[in-house]
Amino acid sequence: MKSRANAGTRIEFIDVDGVTLRVATRPGRSGTPLLVFNGIGANLELVLPFIDALAEREAIVYDMPGTGRSPMWLLPRRFSGIARLTEKLLDRLGYGIVDVAGVSWGGAVAQQFARQCAGRVRRLILAATSAGAVMVPGRPQALLKMTTPQRYLSPAYMQRAAADIYGGEVRGRPELISAHTARVIPPQLIGYVYQLLAGVGWTSIHWLHKLKQPTLVMAGSDDPLVPPVNARILSLLIPNNRLHIVAGGGHLFMLHCLDEVVPVIREFLDAPDAAAAVGTAA
């Protein structure tokens, strides 16, 4: 079953490892394909503005089971199981080596995928994310609002809570959240819970030093959910990395600061191997 989203983007349902995934692929003109892991509860439409801004690069993103329009799976899987599922999806789609970007919850999955399927990952982008269970926690009012998918279920609630949850750009620009909400497909409650369970107790802190891929670590300076100190911790532990802090950026800086973010990512992905990641901070 196939449908069309933005121009050139194909959305289809693919059976992989006993589950059905709703997958979006967008052809590109150059470079290694980019696999994107989305945030918790987020359907693939929410990340399409970022993918479209990197118009020259082929991209892949999918709805986690129970999220967007991917049907639920019977039992929850840990991040390691999600990494295996993703590798089988790439096999099914005919992809070999990819670049990987992960945002927030998806940044933890991206770390696991880069470690577990190291031979498939050329370069790694970690945005608004942390090393998991040992992270420096965000603000309590933001974390409390993340324990349920209420922000996806009620546009009015999203509008009221957005500044506390996401910070940064949405504090003074409510129209950004209106545009965001217009692309939301509410997740199933059990699907959201399964995503929470996937990361319970997980941490990468003890093996980040083993990551071989050049890595771009990005954070917003005004992120209530994942304070930027977490990005600095990742940058201290990952051997070959570049750190970029988006001044004034909130948790959704990958969507709301495209004019700043996209050139940094494009330069990182297009750089020669020897210059892909040099430890710098902005």
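Notes on the structure in this doc start here. Here the structure is a predicted model, which means the values were calculated and not measured.

1. A look at the side chain of Thr32
1) Next: Structurally, the position occupied by Thr32 is in the loop between strand S3 (19-26) and strand S4 (34-37).
2) Next: On the basis of relative accessible area, Thr32 is assigned to the buried category, the value being 16%.
3) Next: Every residue in contact with Thr32, bar those within four places of it in the chain, is listed here: Arg57, Glu58, Ile97, Val98, Asp99 and Arg122.

2. Here's the deal with unusual backbone geometry
1) Next: The backbone of Asp17 shows a phi angle near 50°, a positive value even though the residue is not glycine.
2) Next: Within the secondary structure, Asp17 is located in the loop between strand S2 (10-16) and S3.
3) Next: Residue class for Asp17 comes out partly exposed when judged on its relative accessible area of 34%.
4) Next: Phi is positive for Ser104, close to 60°, though the residue is something other than glycine.
5) Next: Tracing the chain through its elements places Ser104 in the loop between strand S6 (98-103) and helix H3 (105-116).

3. As for the pairing of S6
1) Next: Among the six residues of S6, six are classified as buried, and the element is accordingly described as predominantly covered.
2) Next: Burial along S6 is two-sided: Val98, Val100 and Gly102 and Asp99, Ala101 and Val103, pointing in opposite directions, are all buried.
3) Next: As judged from the four bridges shared by S4 and S6, these two strands associate in the parallel manner. Paired with Phe37 across the two strands is Gly102, which belongs to S6.
4) Next: Two elements, S6 and strand S7 (residues 121-127), share five bridges in a ladder whose sense is parallel. By the bridge assignment for S7, Val103 is matched with Ala127.
5) Next: Note on the crossover from S6 through H3 to S7: the handedness is right-handed.

4. Observations concerning the side chain of Ser154
1) Next: Take Ser154: it is sitting in the loop between helix H5 (150-153) and helix H6 (155-166).
2) Next: Within the local environment of Ser154, its side chain forms a polar contact with the backbone nitrogen of Tyr157, the two atoms lying 3.1 Å apart.

5. Brief notes about helix H2 (residues 79-93)
1) Next: Between the first and last C-alpha of H2 there are 21 Å, a value that for 15 residues agrees with the 21 Å anticipated at 1.5 Å per step.
2) Next: Turning to H2, its buried residues are Phe79, Gly81, Ile82, Ala83, Leu85, Thr86, Leu89 and Leu90.
3) Next: Looking one or two residues beyond H2, the residue adopting positive phi is Gly94, at roughly 85°.

6. Thoughts on the layout of surface pockets
1) Next: The calculated volume of the largest pocket comes to roughly 640 Å³.
2) Next: Along the wall of the largest pocket there are 25 residues; nearest its centre are Trp105, Ser130, Met135, Leu143 and Leu196.
3) Next: Counting residues per element, the lining of the largest pocket draws most heavily on helix H8 (residues 189-198), which supplies three residues.

7. Details of the packing of H2 against H3
1) Next: In contact at an axis separation of 9 Å, H2 and H3 are set at 70° when each is read in the N-to-C sense. Overall, the two elements H2 and H3 adopt an arrangement that is roughly perpendicular. Here Phe79, Ser80, Ile82, Ala83, Arg84, Thr86, Glu87 and Leu90 of H2 lie close against H3, whose contacting residues are Trp105, Ala108, Val109, Gln112, Phe113 and Gln116.

8. Considering the environment of Pro214
1) Next: Along the chain, the position of Pro214 falls in the loop between H8 and strand S8 (215-220).
2) Next: Each C-alpha atom of the pair Pro214 and Leu243 lies 11 Å from the other, and the pair is 29 residues apart in sequence.

9. Overview of empty space enclosed by the protein
1) Next: Evaluated as defined, the whole model comprises three cavities of 30 Å³ or more.
2) Next: Computed from the structure, the largest cavity encloses a volume of approximately 250 Å³.
3) Next: Asn38, Gly39, Ala42, Val103 and Leu252 are the residues nearest the centre of the largest cavity, which is lined by 21 residues in total.
4) Next: Only H5 and helix H10 (253-256) provide two or more residues apiece to the lining of the largest cavity.

10. Side note on a nonpolar patch on the surface
1) Next: Judged by side-chain polarity, Leu189, Ile190, Val193, Leu197 and Val200 come together as a nonpolar surface patch covering roughly 420 Å² of accessible area.
2) Next: Note on placement: Val193 falls in helix H8.
3) Next: Exposure remark for Val193: the relative accessible area of 31% places this residue in the partly exposed category.

11. Let's talk about the environment of Glu12
1) Next: Position of Glu12 relative to the elements: it lies in strand S2.
2) Next: Residue Glu12 is classed as buried on the basis of its relative accessible area, which comes to 9%.
3) Next: Each C-alpha atom of the pair Glu12 and Asp99 lies 21 Å from the other, and the pair is 87 residues apart in sequence.

12. Points about the pattern of salt bridges
1) Next: Applying the stated criterion across every chain, the model contains 16 salt bridges.
2) Next: We note a salt bridge from Asp164 to Lys145, for which the minimum N-O separation is 3.7 Å. With a gap of 19 residues between them, Asp164 in helix H6 and Lys145 in helix H4 (residues 140-145) connect regions that are remote in the sequence.
3) Next: The partly exposed category is assigned to Asp164, whose relative accessible area is 33%.

Reading guide: rules and limits
- Residue positions are given per chain, counting from 1 as you read along its sequence in written order.
- Owing to the predicted nature of the model, reporting of local features is limited to residues with pLDDT of at least 70; listing and counting of side-chain atom pairs is limited to 80 or more, with chain, interface and lining totals taken over all residues.
- Calculation of side-chain values draws on the structure's entire complement of heavy atoms; hydrogens and water are dropped beforehand.
- Think of it this way: any DSSP run of H or I at least four residues long counts as a helix, any run of E at least two long counts as a strand, and we number them from the N terminus.
- Note on classification: 1.4 Å probe, protein chains only; a residue is buried when its accessible area is under 20% of the maximum for its type, exposed when over 50%, partly exposed between these limits.
- Contact definition: two residues touch when any of their heavy atoms are within 4.5 Å.
- Following DSSP output, two strands are said to pair if at least two bridges run between them.
- Handedness of a crossover: with both strands directed away from the viewer, a clockwise path from the first strand across the helix to the second marks it as right-handed.
- For the purposes of these results, a polar contact is taken to be a pair of N or O atoms within 3.5 Å, where, inside protein, one atom must be able to donate a hydrogen and its partner to accept one; residues adjacent in sequence count only when each atom of the pair is a side-chain atom.
- The length a helix should cover is 1.5 Å for every residue beyond the first.
- Each cavity reported here is a set of points on a 1 Å grid over the protein atoms alone in which a 1.4 Å probe fits but cannot get out, each pocket an open set with protein on both sides within 12 Å along at least five of seven lines, and each lining residue one with an atom within 4 Å of a point.
- Grid points are joined across faces, edges and corners, and a volume is the space filled by probe spheres set on the points.
- Axis definition: a line fitted to C-alpha atoms, over the contacting stretch in the case of helices. Angles run 0 to 180 degrees between N-to-C directions.
- Here the word oblique covers every angle except those under 35 degrees (roughly parallel), over 145 (roughly antiparallel) and from 65 to 115 (roughly perpendicular).
- The patches reported here contain residues having more than 30% relative accessible area and no salt bridge. Joining distances are 9 Å for like charges and 5 Å for nonpolar side chains (Val, Leu, Ile, Met, Phe, Trp, Tyr).
- All accessible areas in this document rest on Shrake-Rupley with a 1.4 Å probe, and a residue is counted as covered only by the protein chains that are shown.
- Take a side-chain nitrogen of Lys or Arg and a carboxyl oxygen of Asp or Glu: if they are within 4 Å of each other, that pair is a salt bridge.

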